[in-house]
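# What the coordinates show
Read off the chains here:
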Amino acid sequence: MTNTAAAISPSAFIDIDVEMRLQGANDVLQINVQMQIKQGQFVSVYGASGAGKTTLLRLLAGLSHPQNGQIKVAGETWLDTQRKIQLRPQERAVGMVFQDLALFPHLTVEENIAYGVPNNDRAIVQRLLEVTQLGVLRKQLPKQLSGGQKQRVALARALARRPQILLLDEPLSALDHAMRANLQDELQTLHQEFGLTTLMVSHDLGEIFKLSEHVFVLEQGRIVKQGAPSEVFLKTEEPGKLQLHAQILAIRQEQVIAVLSLLVGQEIIEVAASPEEVSGLRVGAMISIAPKAFSPQILIPFPNQLCLGDESQTVL
């Protein structure tokens, strides 16, 4: 951990400098994170499973507690282990959407959103029903809703507290591509309309590029890279040379070569490599790949195609 007094930035809206030791099933994860976020930013946290992404959100929300560190928001100390300051979750201006949503099954859509609203503020409940297009479903129970509708209820409930910070733990991961794209648009609108500072955990590079101004890459409890998505994921050492980030899903040995199964964005590809290149690599690790030759063909439908069954394409 760095010297906390030096690490805390007076200009940051969210300033985190924490150290935490987590005992996993097979090993220990040492989290050591220094992070500064500007007010109004939409920020993503990216990394392999088990890197500490969800724990970071829980630390900010006050649901987990580090052994050492400070968290300051808008100049207010939310956590200082040396001074024994630790605001409770309900004392922090945070709205959080969990991956499992955690809706109350016995409450209606409207009651779920209204749960915990300060001063019984019915105006904010009505406004959220409108902006999330849930008004016609206000009397429905969660079991009567689709996946996308449940996501909107969870998001509206998080916003009903009028939080300074919105924390999203892969909230759209279980949705199909079309529904996910629609809710990304809604999320972007709500972030701007409610003047939020948003921190989102996501494995979806398309989602990160669409929504985020800044991304932190977390690896084994430490931030190893940060910046605009284009800087983090597209920047290469050689001008004009494409470089991609991928996660290793499997490694198998053929006769004289090794074959890596890689997750690039939301697509799985296989690449051949020499035994020397895969030496030391392991399943789950993040790597960079750069094709030796790259000449893409872009396929698009012919314009003004009137026949729906015609699959004619042109190559650019």
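Refer to the structure presented above.
Here goes a summary of the coordinates provided. (Residues numbered from 1 in each chain as written. Predicted model: local features only at pLDDT ≥ 70, side-chain atom pairs only at ≥ 80, totals over all residues. Heavy atoms only, no water.)

With that settled, consider the sheet that holds strand 12 (residues 244–253). Reading across the sheet, the four strands line up as 14-13-12-15 and stay open at both edges, with antiparallel pairing between neighbours. For this open sheet the edge positions go to strand 14 (267–273) and strand 15 (286–289), each flanked by a neighbour on one side alone. The mean inter-strand angle of the sheet, taken between neighbouring strand axes irrespective of direction, is 45°. With four bridges connecting them, strand 12 and strand 15 associate as antiparallel partners. Across the sheet, Leu 244 pairs through a bridge with Ile 289, a residue of strand 15. (Pairing = 2+ DSSP bridges. Helix = DSSP H or I, 4+ residues; strand = E, 2+ residues; numbered from the N terminus. Axes fitted to C-alpha atoms, helices over the stretch in contact; angles between N-to-C directions.)

On to the pattern of salt bridges. Here the idea is simple: oppositely charged side chains can pair when their charged atoms come close. Counted according to the given criterion, the structure contains 14 salt bridges. Between Glu 130 and Arg 127 there is a salt bridge, with its nearest N and O atoms 3.6 Å apart. In this pair, Glu 130 and Arg 127 are both assigned in helix 4 (residues 122–131), three residues apart and thus about one turn of the helix distant. By relative accessible area, which is 46% here, Glu 130 ends up partly exposed. Taking the relative accessible area as the measure of exposure, Arg 127 reaches 34% and is therefore partly exposed. In this structure, Glu 186 and Arg 152 form a salt bridge, with 3.9 Å as the shortest nitrogen-oxygen distance. Within this pair, whereas Glu 186 is found in helix 6 (residues 177–193), its partner Arg 152 is found in helix 5 (residues 147–159), the two being separated by 34 residues in sequence. Of the two residues, Glu 186 and Arg 152, neither departs from the other in class, the shared state being buried. Residues participating in the shared-partner salt-bridge network are Glu 110, Arg 122, Arg 138 and Lys 139. (Salt bridge = Lys/Arg side-chain N within 4 Å of Asp/Glu carboxyl O. Buried < 20%, exposed > 50% of the residue type's maximum accessible area, 1.4 Å probe, protein only.)

Inspection of every chain in the model, using the stated rule, returns three aromatic pairs. Both rings, one in Phe 209 and one in Phe 233, keep their centres 6.0 Å apart while their planes meet at 45°; by these two values the pair is tilted. Of this pair, Phe 209 sits in helix 7 (residues 205–211) while Phe 233 sits in helix 8 (residues 229–233), and the two are 24 residues apart along the sequence. Judged by relative accessible area, Phe 233 falls into the buried class, the value being 4%. Ring pairs connect the aromatic residues Tyr 46, Phe 209 and Phe 233, which therefore count as one cluster. (Phe/Tyr/Trp six-rings, centres within 6.5 Å; stacked < 30°, edge-to-face > 60°.)

Each strand in a sheet pairs with its neighbour through backbone hydrogen bonds, running either in the same direction (parallel) or in the opposite one (antiparallel). If you trace the five strands from one edge of the open sheet to the other, you get 2-1-4-5-6, paired in antiparallel fashion. Strands with a single pairing partner mark the edges of an open sheet, and in this sheet they are strand 2 (28–37) and strand 6 (85–86).

Bringing the environment of Val 201 into the picture now. Among the secondary structure elements, Val 201 is positioned in strand 9 (residues 197–201). With relative accessibility at 0%, the residue Val 201 sits in the buried group. In this structure, the C-alpha to C-alpha distance between Val 201 and Leu 168, residues 33 residues apart in sequence, is 6.1 Å. Each residue touching Val 201, except ones within four places of it in the same chain, is listed here: Val 45, Lys 53, Thr 54, Leu 57, Leu 168, Asp 169, Glu 170 and Pro 171. (Contact = heavy atoms within 4.5 Å.)

Shape descriptors only; they carry no functional weight alone.
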